[in-house]
Amino acid sequence: MSRDRLPPLSALRVFEAAARHESFKQAAEELFVTPGAVSQQIRLLEEHVGVELFVRDGRRVVLSDAGKASAQILKEAFEKMFEATRLMKQGNQKGRVTVSAAPSFAAKWLMPRLYDFSAANEDIDVWVSADMAPVDFATSDIDLAIRYGNGHYSGLNVEHLLAEAVVPVCSPLLYEAAPIRKPADLSHHVLLHDVGFETDPSCPDWAMWLKAHGVEGVDATRGPRFNQSSMVIEGAVAGRGVALAKRTIAEADLKAGRLMVLFDEKDKPLEYGYYLVWPQTREPTPAQMRFMEWLRAEALRVDGAPNAHIEPPVFAAMDI
């Protein structure tokens, strides 16, 4: 076989994925093929170029020197091909914006506002992808993402959008049915837990909140746990218990009177917040720029000032 010819694109794609993961199994999962198929494509590529690209070490595979030298260049080449394909598609999609956001933020904050945006921008279709996983802009059709975190996202344009705070909430009916006038009264109520707090070091859980308020005799571990903030909110709205809620996610229910903040709790901004991110390698389209400006305006209505300074977390230094 002539060495002047390029190897099959499919083999190069498999190698790029396997090199990035340093795992045939993970590459197979990404490409929806079997590990055996990945191994076969790698062998074909090695036969074509005449060198070993991976060193087999038992069940592990590691890149050879030749594999290391070519992996990053090939990764960048595929990113450019994905971007070129995206630009080709864009001819029929100039009025479309695809935004990724976590499910709870998408459902409770973004979606209720989108009706106003659509009414004022009938020429733009917004597609929402609700997903917890970070977006790989190089391999997806996502234009923008709203991420909850500390704002440290390498290789991306990052803009602070909204601050976040946690407050104790319950339904007005529950508040009237059983006294909840002081934090110690929580001993008589079900505590609703947001499991997502466990992945956010700036966010207090019930144990931290109770300790900070000097409450003893309340079992902070009891009560149901939910992996989505919106589910915690819905549980509180239904009167199933008292929740520590993210203010941004609970905002609509608080304004509508379906929830109330307990104990006159004041907002204490968390270290984590919501950030608008998009690739540094892409120039936003006019439709994307209009959507981004609208997002900034909506955030300004909530926060009061763009890119507001986030105070250090109040609860981060507490031992529990």
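All of the points below concern the structure found in this document. For every chain, the first residue of the written sequence is number 1, and numbering continues from 1 along that sequence. In keeping with the predicted nature of the model, local features appear solely for residues at pLDDT of at least 70, side-chain atom pairs appear and are counted solely at 80 or more, and the whole-chain, interface and lining totals rest on all residues. The basis for every side-chain value is the complete set of non-hydrogen atoms in the structure, without hydrogens or water.

Structural notes on the nonpolar core
Then comes step 1: The criterion is simple. A nonpolar core is a set of buried Ala, Val, Leu, Ile, Met, Phe, Trp, Tyr and Cys residues joined through side-chain atoms within 4.5 Å. Only protein chains enter the area calculation, which uses a 1.4 Å probe; residues under 20% of their type maximum are buried, those over 50% are exposed, and those in between are partly exposed. Formed by 37 residues in total, the largest nonpolar core has its most connected members in Phe105, Leu110, Leu144, Ile146, Val169, Phe291 and Leu295.
Then comes step 2: In contact with Phe291, not counting residues within four places along its chain, are Val97, Val99, Leu110, Leu114, Phe117, Val126 and Leu144.
Then comes step 3: Core analysis: the second largest hydrophobic core is formed by 20 residues, Phe15, Ala17, Ala19 and Leu74 among them. Any two residues whose heavy atoms approach within 4.5 Å at even a single point are treated as in contact.

Notes on the pattern of salt bridges
Then comes step 1: The rule for a salt bridge is simple: a side-chain nitrogen of Lys or Arg has to be within 4 Å of a carboxyl oxygen of Asp or Glu. Inspection of every chain in the model, using the stated rule, returns 16 salt bridges.
Then comes step 2: Of the charged contacts, one joins Glu16 and Arg13 as a salt bridge, the two residues approaching to 2.7 Å between their closest N and O atoms. Of this pair, Glu16 and Arg13 both sit in helix α1 (residues 9–21), separated by three residues, roughly a single helical turn. Each of the two residues, Glu16 as well as Arg13, counts as buried.
Then comes step 3: We note a salt bridge from Asp194 to Lys246, for which the minimum N-O separation is 3.8 Å. In this pair, Asp194 is assigned in strand β8 (residues 191–194) and Lys246 in strand β10 (residues 242–246), connecting sequence segments 52 residues apart.
Then comes step 4: Among the residues examined, Lys246 registers a relative accessible area of 7% and is labelled buried. Per the convention used, a helix needs a DSSP run of H or I reaching at least four residues, while a strand needs a run of E reaching at least two, with both numbered from the N terminus.

Observations concerning unusual backbone geometry
Then comes step 1: Non-glycine residue Glu22 carries a positive phi angle of around 50°.
Then comes step 2: By secondary structure assignment, the location of Glu22 is in the loop between α1 and α2 (24–31).
Then comes step 3: Accessibility expressed as a relative area gives 40% for Glu22, which makes it partly exposed.
Then comes step 4: Of note in the backbone geometry, Phe32 takes a positive phi value of approximately 60° without being a glycine.
Then comes step 5: Along the chain, Phe32 turns up in the loop between α2 and α3 (35–49).
Then comes step 6: Judged by relative accessible area, which is 76%, Phe32 ranks as exposed.

Let's talk about helix α8 (residues 229–237)
Then comes step 1: Regarding α8, the residues found buried are Ser229, Ser230, Val232, Ile233, Gly235 and Ala236.
Then comes step 2: Buried residues along α8 sit in contact with α5 (103–120), β7 (166–170), β8, β9 (225–226), β10 and α9 (247–255).
Then comes step 3: Gly239 sits one or two residues past α8 and shows a positive phi near 80°.

Some points on the sheet that holds β7
Then comes step 1: By the convention used here, strands pair only if DSSP detects at least 2 bridges between them. Strand order in the open sheet made by the five strands is β9-β8-β10-β7-β11, with mixed pairing throughout. Every other strand in the sheet has two partners, leaving β9 and β11 (260–261) as the edge strands with one partner each.
Then comes step 2: Here β8 pairs with β9 via two bridges, running parallel. For Asp194, the partnering residue across the bridge sits in β9 and is Phe226.
Then comes step 3: With respect to the sheet, α8 is in contact with β7, β8, β9 and β10, its orientation differing from that of β8 by roughly 165°.
Then comes step 4: Packed on one face of the sheet, α9 meets β7, β10 and β11 and runs near 115° to β10. Here, axes are lines fitted to C-alpha atoms. For helices the fit covers the stretch in contact, and angles between N-to-C directions go from 0 to 180 degrees.

Focus on the packing of α1 against α3
For any two helices packed against each other, the geometry is given by the interaxial angle and the distance between the axes.
Then comes step 1: For the pair α1 and α3, interaxial distance at closest approach is 9 Å and the crossing angle is 115°. Accordingly, the angle class assigned to the pair α1 and α3 is roughly perpendicular. Where α1 crosses over α3, the two elements pack in a sense that is left-handed. Residues Ser10, Ala11, Leu12, Val14, Phe15 and Ala18 of α1 form the contact with α3, whose participating residues are Val38, Gln41, Ile42 and Leu45. Should an angle fall under 35 degrees it is taken as roughly parallel, and over 145 as roughly antiparallel, whereas 65 to 115 is taken as roughly perpendicular and any remaining angle as oblique. For a crossing to be left-handed, the near helix must be turned anticlockwise from the far one by less than a right angle; the clockwise case is right-handed.

Topic: the packing of aromatic side chains
Then comes step 1: Here a pair means two rings of Phe, Tyr or Trp (six-membered ring of Trp) with centres within 6.5 Å. Their orientation is stacked below 30 degrees between planes, edge-to-face above 60, and tilted elsewhere. Counted by the stated rule, this structure contains 12 aromatic pairs.
Then comes step 2: Considering the side-chain rings of Phe105 and Trp109, the 5.1 Å spacing of their centres and the 20° angle between planes classify their relative orientation as stacked. Note that Phe105 and Trp109 are positioned in helix α5 at a spacing of four residues, about one turn of the helix.
Then comes step 3: In this structure Phe105 comes out as buried when scored by relative accessible area, which is 3%.
Then comes step 4: An aromatic cluster is defined as three or more aromatic residues linked by ring pairs; in this entry it consists of Phe105, Trp109, Tyr148, Tyr272 and Tyr274.
Then comes step 5: Over the face of the ring belonging to Tyr175 we find Arg181, whose NZ or CZ atom lies 4.0 Å from the ring centre. Charges are assigned to positions over rings by a cutoff of 6 Å between ring centre and Lys NZ or Arg CZ, combined with an angular limit of 35 degrees from the ring normal.

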